[in-house]
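Survey of secondary and tertiary structure
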Amino acid sequence: ETGVTQTPRHLVMGMTNKKSLKCEQHLGHNAMYWYKQSAKKPLELMFVYNFKEQTENNSVPSRFSPECPNSSHLFLHLHTLQPEDSALYLCASSQRGGQGEKLFFGSGTQLSVL
Amino acid sequence: GESVGLHLPTLSVQEGDNSIINCAYSNSASDYFIWYKQESGKGPQFIIDIRSNMDKRQGQRVTVLLNKTVKHLSLQIAATQPGDSAVYFCAEHGSARQLTFGSGTQLTVLP
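Bear in mind the structure is a predicted one, so any value in this text is a computation, not a measurement. For every chain, the first residue of its written sequence is number 1, and the numbers climb from 1 along that sequence. Here every chain gets a letter starting at A, and every ligand a number starting at 1, in the order they are written. With pLDDT at 70 or above as the cut-off, local features in this predicted model cover only qualifying residues; side-chain atom pairs require 80 or more to be listed or tallied, and sums for whole chains, interfaces and linings still use all residues. Here the side-chain values reflect all heavy atoms present in the structure, with hydrogen atoms and water set aside.

1. Remarks on the overall build of chain A
Here is the rule we go by: Note on conventions: DSSP H or I runs of at least 4 residues are helices, E runs of at least 2 residues are strands, and numbering of each starts at the N terminus. The globule rule used for comparison is 2.2 Å times the number of residues to the exponent 0.38, while the radius of gyration itself is calculated over C-alpha atoms. Three exposure classes are used, based on accessible area relative to the maximum for each residue type with a 1.4 Å probe and protein chains only: buried under 20%, partly exposed in between, and exposed over 50%. What sets the accessible areas is the Shrake-Rupley method with a 1.4 Å probe; for residues, cover comes only from the shown protein chains. A residue counts as positive if it is Lys or Arg and as negative if it is Asp or Glu; His and the chain ends are not included. To locate a charge, take atom NZ for lysine, CZ for arginine, CG for aspartate or CD for glutamate.
Of the regular secondary structure elements, chain A holds zero helices and 11 strands. What you see in chain A, going N to C, is helices and strands ordered as β-β-β-β-β-β-β-β-β-β-β. At 13 Å, chain A has a C-alpha radius of gyration in line with the 13 Å of a compact globule built from 114 residues. Within the span of chain A, comprising 114 residues, buried residues form 46% of the whole. For chain A, the exposed surface amounts to about 5400 Å²; the carbon and sulfur share of it is 49%. When the 11 positive and 9 negative side-chain charges of chain A are each reduced to one mean point, those points stand 5 Å apart.

Here it is in structure tokens:
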């Protein structure tokens, strides 16, 4: 148990569906992240939120829409996805402000787009 | 740009032997490094970290070595156990102020 909880663990959706991924952290951290993990590739940073404000958007297509209502919750809204978007989506949190940041990850949502 | 690479994509070791997983990084300004372990079906789990003002740090059965001259990082696991089987990857914290991750090495522990 890392203190970061993601739901659902698995998701299968069609290209015309709309779904949302949820992340909650119980660590009192002030930064939250979405990462995409594809097979045999490094983790790709998608979005960063500091104190609920988005500070990073790594050229992510608009079919991915993040939402951070407070420092403990993070959502990733999905719509009209493509099959190449199938991957493991990881949420992480950290305490910003220190020298170097240790990220704590959830178990991820394994997404399959048909 | 920054890149972090692993020397070997897979590594097999006998149970009880020591394991060494290597990582090369490209940004000489990187000041913080982390090793993560990822088991099947789970998210990455923090193992150990090291700052650039150190060249060695030890944890429980793990040691991280940092060679800034050649921009090389290694993770040593002593007395490797079956539960150590996982993907291990390094990450560096550099000028982008974000962690840059390597692709990972799959460690398999043989009985």
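2. Overview of the packing of aromatic side chains
As a reminder, the rule being used: For Phe, Tyr and Trp, rings pair up if their centres lie within 6.5 Å, where Trp contributes its six-membered ring, and each pair is then called stacked (planes under 30 degrees apart), edge-to-face (over 60) or tilted (otherwise). Comment: the charge-over-ring label is applied if NZ (Lys) or CZ (Arg) is within 6 Å of the ring centre and within 35 degrees of the ring normal.
All chains considered together, the criterion is met by 10 aromatic pairs over all chains. Centre to centre, the rings of Phe 89 of chain B and Phe 101 of chain B are 5.8 Å apart; their planes meet at 70°, and the pair counts as edge-to-face. With Phe 89 of chain B in strand S9 (residues 86-93) and Phe 101 of chain B in strand S10 (residues 99-101), this pair connects stretches of sequence that are 12 residues apart. The same class applies to Phe 89 of chain B and to Phe 101 of chain B, which are both buried. Linked through ring pairs, Tyr 33, Tyr 35 and Phe 105 of chain A together with Tyr 36, Phe 89 and Phe 101 of chain B together constitute an aromatic cluster. Above the plane of the ring of Phe 46 of chain B lies Lys 102 of chain A, whose end atom (NZ or CZ) is 4.2 Å from the centre.

3. Notes on unusual backbone geometry
In this structure, the amide linkage connecting Thr 7 of chain A to the following residue, Pro 8 of chain A, adopts the cis form with an omega of -10°. In the Ramachandran plot, Lys 71 of chain B falls in the positive-phi region, its phi being about 55° despite a non-glycine side chain. Inspection of the secondary structure puts Lys 71 of chain B in the loop between strand S7 (62-67) and strand S8 (72-77). Although it is not a glycine, Ala 79 of chain B adopts a positive phi angle of roughly 50°. Tracing the chain through its elements places Ala 79 of chain B in the loop between S8 and S9.

4. What to know about the environment of Ala 24 of chain B
Residues and elements named next belong to chain B. In this structure, Ala 24 sits in strand S3 (residues 19-25). For Ala 24, a relative accessible area of 28% corresponds to the partly exposed category. In this structure, the C-alpha to C-alpha distance between Ala 24 and Thr 100, residues 76 residues apart in sequence, is 12 Å.

5. Brief notes about the pattern of salt bridges
Residue and element names in this part refer to chain A. As a reminder, the rule being used: What makes a salt bridge here is a side-chain nitrogen of Lys or Arg within 4 Å of a carboxyl oxygen of Asp or Glu, nothing more.
Scanning the model with the defined rule gives five salt bridges over all chains in all. One salt bridge connects Glu 44 with Lys 41, and the closest N-O pair in it is separated by 3.6 Å. In this structure Glu 44 comes out as partly exposed when scored by relative accessible area, which is 32%.

6. With respect to the interface of chain B and chain A
The following threshold applies: The contact criterion used is simple: two residues touch if any of their non-hydrogen atoms lie within 4.5 Å. Here the buried area means the combined drop in accessible surface, using a 1.4 Å probe, for two parts upon being joined, counting both sides. Within 3.5 Å is the distance limit for a polar contact, defined as a pair of N or O atoms, with the added protein rule that one can donate a hydrogen and the other accept it, and that residues adjacent in sequence qualify only through two side-chain atoms. Note on residue categories: nonpolar means Ala, Val, Leu, Ile, Met, Phe, Trp, Tyr, Cys or Pro, charged means Asp, Glu, Lys or Arg, and polar means any other residue, Gly included.
Across the boundary between the two partners, chain B contributes 19 residues, which contact 20 residues of chain A. A combined buried area of about 1500 Å² lies between chain B and chain A, and 51% of that area is made up of carbon and sulfur atoms. Looking only at chain B, the three residues that lose the most surface to chain A are Pro 44, Gln 98 and Phe 101 of chain B, adding up to 33% of its buried area. Put simply, chain B and chain A have zero salt bridges between them. Scanning the region where chain B abuts chain A turns up three residue pairs in polar contact (both at pLDDT 80 or more). Contributing elements (two or more residues each) for the side of chain B that touches chain A: strand S4 (32-38), strand S5 (45-51), S9 and S10 of chain B. Here the side of chain B that touches chain A takes four residues from S4 of chain B, the largest share from any one element. Here the residues of the side of chain B that touches chain A are counted per class, giving eight nonpolar, seven polar and four charged.

7. A look at the side chain of Lys 36 of chain A
Residue and element names in this part refer to chain A. Structurally, the position occupied by Lys 36 is in strand S4 (residues 31-37). One buried charge, Lys 36, has no salt-bridge partner; the nearest side chain with opposite charge is Asp 85, at 4.4 Å. Apart from the residues lying within four places of it in its own chain, the contact partners of Lys 36 are Pro 42, Leu 43, Glu 44, Met 46, Glu 84, Asp 85, Ala 87, Leu 88 and Tyr 89.

8. Here we look at the nonpolar core
What tends to happen in soluble globular proteins is that the nonpolar side chains get buried as a cluster. The criterion, for reference: Buried Ala, Val, Leu, Ile, Met, Phe, Trp, Tyr and Cys residues form a nonpolar core when they are joined through side-chain atoms within 4.5 Å.
Counting 22 residues, the largest nonpolar core has Trp 34, Phe 64, Leu 76 and Leu 78 of chain A as the members making the most contacts within it. At the level of elements, strand S2 (10-13), strand S3 (18-25), S4, strand S5 (44-50), strand S7 (64-70), strand S8 (73-79), strand S9 (87-94) and strand S11 (109-113) of chain A are the ones that each hand at least two residues to this core. Counting 20 residues, the second largest nonpolar core, distinct from the first, contains Ile 48, Tyr 88, Cys 90 and Val 109 of chain B.

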